[in-house]
Amino acid sequence: MKTEKNKITTALRDGYLNTMMGVIARSLCAMSKVDDHLQYELSVVPDNFVLQMKVLPNVAGFAVKKNSDGHLEYLGKEPGEKADVTISIKHPELAYLVFSFQENTAEAFARNRTIIEGDLAMAMRLIRCINWLEVFILPKAAAEKALKRYPDISFKEKSRTASKIYGRLALDMLNWSAA
Amino acid sequence: MNTPCYDFFCPVKIVAGVRSLEHLPHELSNLSASRPMIITDIGVRQAGLVDHVTHAFDDSNITIIDIFDDVPPDSSTSLVSHIADRYRQLECDCIIAIGGGSVIDTSKGVNILVSEGGNNVTDYSGVDSLKRPLRPFFVIPTTAGTGSEVTSVAVIADSNSGVKHIFTCSFLLPNVAILDPRMTKTLPPHITAATAIDALTHAIEAFTCMGKNPLSDTYATAAIRKISENILKVMDNPEDELGRLELAQASTMAGIAFSNSMVGLIHALGHSLGVVCHIPHGLCMSIFLPHALEYNLHNGQHQLSELLLPLAGAEVYSRTPTDQRSQAVINFIHDLKDDLFERCQLPRSLSETGKVNKEHFARIVELTVDDAALILNPIEVDRDDAMALLHKAW
Ligand SMILES: [Fe+2]
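Residues numbered from 1 in each chain as written. Chains lettered and ligands numbered in written order. Predicted model: local features only at pLDDT ≥ 70, side-chain atom pairs only at ≥ 80, totals over all residues. Heavy atoms only, no water.

Colleague: In this structure, what is going on with the overall build of chain B? I would like to understand it.
Modeller: Per the secondary structure count, chain B includes 16 helices and nine strands. Relative to the globule expectation of 21 Å for 394 residues, the C-alpha radius of gyration of chain B, 20 Å, shows essentially globular dimensions. The principal-axis extent of the C-alpha atoms belonging to chain B is close to 60 × 45 × 45 Å. Out of the 394 residues in chain B, the part that is buried amounts to 58%. Within chain B, contacts between residues at least 6 apart in sequence are counted, and of these 78% link residues at least 24 apart. Accessible area of chain B: about 15300 Å², with a carbon and sulfur share of 51%. (Helix = DSSP H or I, 4+ residues; strand = E, 2+ residues; numbered from the N terminus. Rg over C-alpha atoms; globule rule 2.2 N^0.38 Å. Buried < 20%, exposed > 50% of the residue type's maximum accessible area, 1.4 Å probe, protein only. Contact = heavy atoms within 4.5 Å. Areas by Shrake-Rupley, 256 points an atom, 1.4 Å probe, with all protein chains shown as cover.)

Here is the structure:
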């Protein structure tokens, strides 16, 4: 049984997870339109390929799809169709460790906190895309914690790419609100 | 980085030692099985190894119902369906797999179909698709390397598309694995060497990659000691039954270690080289082992030095200064490769295989960075890193 206080903590945690995962998914889609490196990684991913990430039992998550322009498209919290790759985190507390940067993604895999289903090669590619995104949208200290190796890029390059992502994100948001 | 949080699971009964095949009839009765189908390949059968198993049933009231001896080196979904049909027609009630990785993976697939029904094994591919125990399943490895008798994974290629389907579920594990020295005695020298190096690689990657845990570490270090103490002895004296048994046990122990911790860069490179240039898995491991360890070491991997003790023994370990132990591990492996080359011409480099050329590298690199084994390698590996490694291994 959950106490009143626990309920509030849980609700905050789940809210945080949903926000973080939403931000990551939308930024990834924005980045896929402006960044060469991401476009290169995505070039061999088949069209209409759907990646889903979720926190069991359906607490939070996101799904993105590669469309025929070669970009990623945000599908929502759930894909609404069968995903080609699903990465599930076994419990919201475990997901919180990852999304609050106390544990990096590779550690979460090593500790059997996640289940990857579907095409593993494509899963590897999409994990690389998310890692690459994190370099640009996270503060350096958080990204260093989240990644095995922080790439050798200058502050200038980081700021330039980050502003491209945010600019694209702002445009996408306008489109969503207009739609 | 030590991982304090882990799962560890190995419910396989291991029956090991001289005359352990003779335990098989009793193990079948224990599981109320009496109509076994043997699944094997033609090489194993021609080497007379199946006879050892059938003789073990001579004085029992169990009759071997069928022997299917036509499993190719790369199994396929249609073969799995075909064997499952035979099993059903003949009303078998258990499988005895005798062979290496391909025979064991095929048998895992057959056991899914005969237990769960259906004709298409891919319906059960993926992670944890099976929800209940399968029919009784016995495995007798004839190579000392893959560790498939204790791994909950099977890889079976689609007969039409060639896509490799991966099955991961603890219910794929056999009930019993039998390690009898007679079964590996006739293994030719270069296969003995390559499969032992595969087992050594399983143990070393289990110990040095991110999924390591105290239980897998224990199996890994014990396996490394057995392999380094016996590999050259067996190469020099192939009839050495006890040495063979030590290698077989080491392979199983390394299998338990890596299936509970996963592998890393060496397997990622090896899988990719295997796919592109059709080089046997154990040989791929042997080529990349020291180079990938060196890459991890030079980029901040810490655990390697501890492996000098099981690998080279107490004397070498104690006289090697602490800061030189990791490099000593790598040197030891290079020396071992030279020793094996001298005894059976096991190629030490990509060029020595005669099957690889540098035009293959780009494709191998792409497959390597997409290989899931990289997730738990302690050090990040990008395309440039993988390419540099291939040149080093040339
Ligand atoms: Fe292996």
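From this point, the narrative continues.
Colleague: What am I meant to see in the coordination of the iron ion here?
Modeller: Ideal geometry at a metal gives 109.5 degrees between four tetrahedral donors and either 90 or 180 degrees between six octahedral ones. All names here are of chain B. Donor atoms from the polypeptide that coordinate the iron ion comprise Asp198 (OD), His202 (NE2), His267 (NE2) and His281 (NE2), at 2.1 to 2.2 Å from the metal. Here the iron ion is ringed by four donor atoms whose angles at the metal span 86 to 168 degrees, and the overall shape comes out irregular. Expressed as a motif, the donor residue spacing for the iron ion is D-x3-H-x64-H-x13-H. Taken together, the residues Asp198 in helix H6 (residues 189-208) and His267 in helix H9 (residues 265-277) connect sequence positions 69 residues apart. (Donors = N, O, S within 2.8 Å, 3.2 Å for Na, K, Ca; no water. Tetrahedral: all angles 85-135°; square planar, octahedral: opposite > 155°, others 65-115°.)

Colleague: For this particular structure, what's the right way to read the interface of chain B and chain A?
Modeller: As a measure of interface size, the accessible area lost when the parts come together is often cited. The interface of chain B with chain A comprises 27 residues on the first partner and 22 residues on the second. Taking both partners together, chain B and chain A bury about 2000 Å²; carbon and sulfur atoms supply 54% of that area. Ranking the residues of chain B by area buried against chain A places Asp370, Ile375 and Glu380 of chain B at the top, with a combined share of 30%. A salt bridge links Arg149 of chain A to Asp382 of chain B; the nearest nitrogen and oxygen atoms lie 3.3 Å apart. One can count 11 residue pairs in polar contact (both at pLDDT 80 or more) joining chain B with chain A. Those elements that place two or more of their residues in the side of chain B that touches chain A are helix H15 (361-369) and helix H16 (383-392) of chain B. Residue composition of the side of chain B that touches chain A, grouped by class: 15 nonpolar, four polar and eight charged. (Buried area = accessible area lost by both parts, 1.4 Å probe. Salt bridge = Lys/Arg side-chain N within 4 Å of Asp/Glu carboxyl O. Polar contact = N/O pair within 3.5 Å; in protein donor to acceptor, adjacent residues only side chain to side chain. Nonpolar A, V, L, I, M, F, W, Y, C, P; charged D, E, K, R; others polar.)

Colleague: When you look at the sheet that holds strand S6 (residues 137-141) of chain B in this model, what are you seeing that I'm missing?
Modeller: Adjacent strands of a sheet pair through backbone hydrogen bonds, lying either parallel or antiparallel. Residues and elements named next belong to chain B. Strand order in this open sheet of six strands is S1-S9-S6-S4-S2-S3, and the pairing throughout is parallel. What marks the edges here is a single partner per strand, and that holds for strand S1 (13-16) and strand S3 (66-68). Geometrically, the sheet is characterised by an average inter-axis angle of 20 degrees between neighbouring strands, direction not taken into account. Where S1 lies against strand S9 (residues 176-179), four bridges are found, and the strand directions are parallel. Residue pairing across strands places Ile14 opposite Ala177, the latter belonging to S9. In this fold helix H3 (residues 49-56) packs onto strand S2 (36-39), S3, strand S4 (94-99) and S6, with an angle of close to 165 degrees to the strand it touches most, S2. Its contacts with the sheet put helix H5 (residues 101-116) on S2, S4 and S6, and the angle it makes with S4 is roughly 165 degrees. (Pairing = 2+ DSSP bridges. Axes fitted to C-alpha atoms, helices over the stretch in contact; angles between N-to-C directions.)

Colleague: Help me understand the sheet that holds strand S2 (residues 60-66) of chain A in this model?
Modeller: All names here are of chain A. Pairing is mixed in the open sheet, where five strands are placed in the order S3-S2-S1-S4-S5. Each having just a single partner strand, strand S3 (72-76) and strand S5 (114-118) make up the two edges of the open sheet. Neighbouring strand axes in the sheet, compared pairwise and without regard to direction, differ in orientation by 15 degrees on average. The pairing of strand S4 (residues 85-89) with S5 spans five bridges and is classified as antiparallel. Within S5, the residue paired with Ile87 across the bridge is Ile116. Of the strands in this sheet, strand S1 (50-55), S2, S4 and S5 touch helix H5 (residues 120-137), which is tilted by about 125 degrees from S5.

Colleague: Can you walk me through unusual backbone geometry in this structure?
Modeller: Trans peptide bonds make up most of the peptide bonds, and negative phi angles are found at most residues other than glycine. Backbone torsion omega between Leu56 of chain A and Pro57 of chain A reads -10 degrees, so that peptide bond is classified as cis. Here Ser32 of chain B, not a glycine, exhibits a phi torsion of approximately 55 degrees, which is positive. Summarising the element assignment, Ser32 of chain B is placed in the loop between helix H1 (24-30) and S2. You can call Ser32 of chain B exposed: its relative accessible area is 67%.

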